[in-house]
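Each chain, letter by letter, is given below.
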Amino acid sequence: MRIVKCELKKIFKNRVIFIALAVFLLLNIINIYRNYNIHNGVDDCVVTGQLYLREQLDGELTEDKRALIYQQAEKVSGLLYNKKYANQTAPENDFITGYAFWDSQLWNTYRDYIDKAQSFNENIEQKSAEALKKAEYYSGKNEFYEAENKLYYNTYSGRKITGIYDTNGLPDYFRYSLSSVLSVIMLLLGVVPIFSSECECDMDTVLLTSKNGRRKTAFAKIISALIYSFAIELVFSICDFLSFMCFARLDGLGQSLYAVQGFGMCSADITVWQFCLILFAMRTIGMSVICLVFLLLSKLFRRSVAPFVTGACLFFSLMLIKTFFTDTSGEIINIFNPISLLVSFNYFCDFTAVNLFGTPVFSYVIVGSVGVVIVFILCVLIFSMPLKMQLRFPKLTFRRSVRL
Amino acid sequence: MSTLELKSISKSYGKKQVLDNLNCTFEKGVYGLLGPNGAGKTTLISIIVNILNADSGEVLFGGKLVKVLGSDYYDDIGYLPQYPHFYSNYTAQEFLEYIAVIKGLSKKKAKQKIDELFEFVNLQNDKKKKVGAYSGGMRQRLGIAQALINNPEILILDEPTAGLDPKERIRFRNLISRISEDKTVILATHIVTDVESIARDVILINKGRIICNDTPENLIESINGKVWSFEIPHNEIEDSLSQFIVSNVQYSGDGFLIKTVGEKPCKSAQNVPATLEEVYLCYVSESGGEI
């Protein structure tokens, strides 16, 4: 434990880490403020009205609420046919926002929520029933299709949206990925020097001739790199969440994820809160994979510049693979791509099951599990790599030649 | 006090034989490991400290194979590498605290030992300074402190005085002398004056072989009668330099006064007392090394 503390101290002794962290957090907050602020391009009166309606209406959908929303939507929309309100220039106290037009927009939004919820409830039952029929059809003909349709039925049957929430900000929050890029840069800065800097300052031989400087230190370095990676992910996740809460005014965190726009066919029956935690866990696994890849590069090179450049190029390549390899074979490749874990919301948007030895398994389960396995493999690989690698394989490791 | 024995150590990189059947025993005192650049000193040290495997041969400490001793061996080893930079953003105090952790010292013991060592290497007033702000000499003294923190029986110093000014070099030599009271100190260098006055034994190594191993006095004695001094005119200096093993050239009004090692170069040459530097030149040239 003392060695892990020392290794963490070594990482955080680097002032660049703190400067970069401060700059990146600021950049992240500014980006969220500029692009996801609820006030962006909207009059204050509209925002005030929106927040007021949220307070009044968000929650379980009751008959009273339904009646009120339909009634108000119809009433205010009807007013817009009146010339007075169609060209209204001064606010009036009769309206929540002060203006008939904006009130009609707000009430219609809530009416849409109700309509969508109703249509979802009807469609999902229909689709579930179809899946059950298909499962019966494939019974004895194709085991995988049968199992896949049964899974579909089990996943979606009985789903019902019973509440209404203003969920517009949530998809943006789930899809937000700038902080992941910034976290990876932080990993490059913190993790790349872990092994290579020991060679740079001639401490590698001192470590190798010390009682705890060999395997114990290698193990401590792996643990400290993972702790650092987790800490960075946690800081950026908290920053994202608080910034979105503050600027985008996220709402409806307690409702089912399938009630959020774009997540109607979500394959996991979880609440938004739980989904936030799962996304965090997936990102943490992804970051751990990237962190360990950087650590491996750090182990292979004797100077920090080389693993830094290689690491940055590798990350860029992985991003390109994730973006452009979208066909079936590309999807298989991307199961092993840690970037998939950083943007894992995609795997929750739809019903995507992978054929695993004849059993349908949700792709997010596969991607998460593969990530954990890769983390474990990389840990074992780095730990079991020869301590004196540069002396045994001077050409392979790009380190300076042995002094004779 | 356990002895360190090297038995038939050989090592090669590809076709190049770096160490060839080396045998040696180290007991208490300073051992000067002398040899030209590329002689195999660092490879030998790497094998002694068990960071490099020999192709054949054994390293024994206290009669036991160091491979068998495993990490326990490192309890008795202190090592100062060539040109250490250490962690420039650490203070000397933080650095030694870290070394204490990786050497397995308890917190209490480490604190006490660190205070002692700062005093011993005369850095007690600079322990809060960043290592990056240390001069070369201060860094080498800090290096000695880190090597001594676990109170090892064997201290191995690889080119410890390279780049130091004369004052720091003398200071460093005195430090080593004090340490050698109850330890084996192996000092690898190609600077002869580093070991001349403090070494109990000098081991001359060239092309991977030990070409002589004896006390400085005996080595000097062994070439007495082989060191010559004579004067030559200005125009003969180039010829003399290529013809003889020249240990010193001194300008005199009429020409140059030169010192050579080997057979009597000319009738006018006079026999003069030898130094360890001439011993080095004599043996290295005899073993086919480049001077």
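Residues numbered from 1 in each chain as written. Chains lettered and ligands numbered in written order. Predicted model: local features only at pLDDT ≥ 70, side-chain atom pairs only at ≥ 80, totals over all residues.

(A) Structural view of the interface of chain B and chain A. Facing 29 residues of chain B, the contacting portion of chain A comprises 22 residues. Secondary structure elements with two or more residues in the side of chain B that touches chain A: helix H1 (41-48), strand E6 (77-80) and helix H3 (92-102) of chain B. Class assignment for the residues of the side of chain B that touches chain A results in 17 nonpolar, ten polar and two charged. (Contact = placed C-beta atoms within 7 Å. Helix = DSSP H or I, 4+ residues; strand = E, 2+ residues; numbered from the N terminus. Nonpolar A, V, L, I, M, F, W, Y, C, P; charged D, E, K, R; others polar.)

(B) Quick look at the domain arrangement of chain A. Residue and element names in this part refer to chain A. In terms of domains, chain A is made up of domain 1 (2-38 + 167-392) and domain 2 (59-163). Spacing between the C-alpha centres of domain 1 and domain 2 amounts to 36 Å. Counting residues at the interface gives eleven residues for domain 1 and eleven residues for domain 2. Elements supplying a minimum of two residues to the side of domain 1 that touches domain 2: strand E3 (353-356) and strand E4 (359-362). Of the residues assigned to the side of domain 1 that touches domain 2, the class counts are five nonpolar, six polar and no charged. (Domains from an automatic or database assignment.)

(C) Just the sheet that holds strand E1 (residues 4-13) of chain B, in detail. All names here are of chain B. Read across the sheet, four strands follow the order E2-E1-E4-E5 without closing on themselves; strand pairing throughout is antiparallel. At either margin of the open sheet sits one strand with a lone partner, and together these are strand E2 (16-26) and strand E5 (64-65). When strand E4 (residues 56-61) meets E5, the two strands line up antiparallel, connected through two bridges. Looking across to E5, one finds that Phe 61 is bridged to Lys 64. The sheet contacts of H1 involve E1, E2 and E4, and relative to E2 the element is tilted by about 55 degrees. (Pairing = 2+ DSSP bridges. Axes fitted to C-alpha atoms, helices over the stretch in contact; angles between N-to-C directions.)

(D) The arrangement of the sheet that holds E6(B) in detail. Residues and elements named next belong to chain B. Within the open sheet, the six strands sit side by side as E6-E7-E8-E3-E9-E10. Their pairing is mixed. Edge positions in the open sheet fall to E6 and strand E10 (209-214), since each of these has one partner strand only. Here the strands of the sheet are splayed against their neighbours by 15 degrees on average, with no regard to which way each runs. The pairing of strand E9 (residues 201-206) with E10 spans five bridges and is antiparallel. In the strand pairing of E10, Ile 205 is matched with Ile 210. Those strands touched by H1 are strand E3 (29-34), strand E7 (154-158), strand E8 (184-189) and E9, and its axis lies near 150 degrees from that of E7.

(E) Main features of unusual backbone geometry. All names here are of chain B. Within the chain, Asn 50 stands out as a residue other than glycine whose phi angle is a positive 65 degrees. The topology assignment puts Asn 50 in the loop between H1 and E4. You can call Asn 50 buried: it has 22 C-beta atoms within 10 Å. Within the chain, Glu 159 stands out as a residue other than glycine whose phi angle is a positive 45 degrees. Structurally, the position occupied by Glu 159 is in the loop between E7 and helix H6 (166-179). Exposure remark for Glu 159: the 21 C-beta atoms within 10 Å place this residue in the buried category. (Buried ≥ 20, exposed ≤ 12 C-beta atoms within 10 Å, placed from the backbone.)

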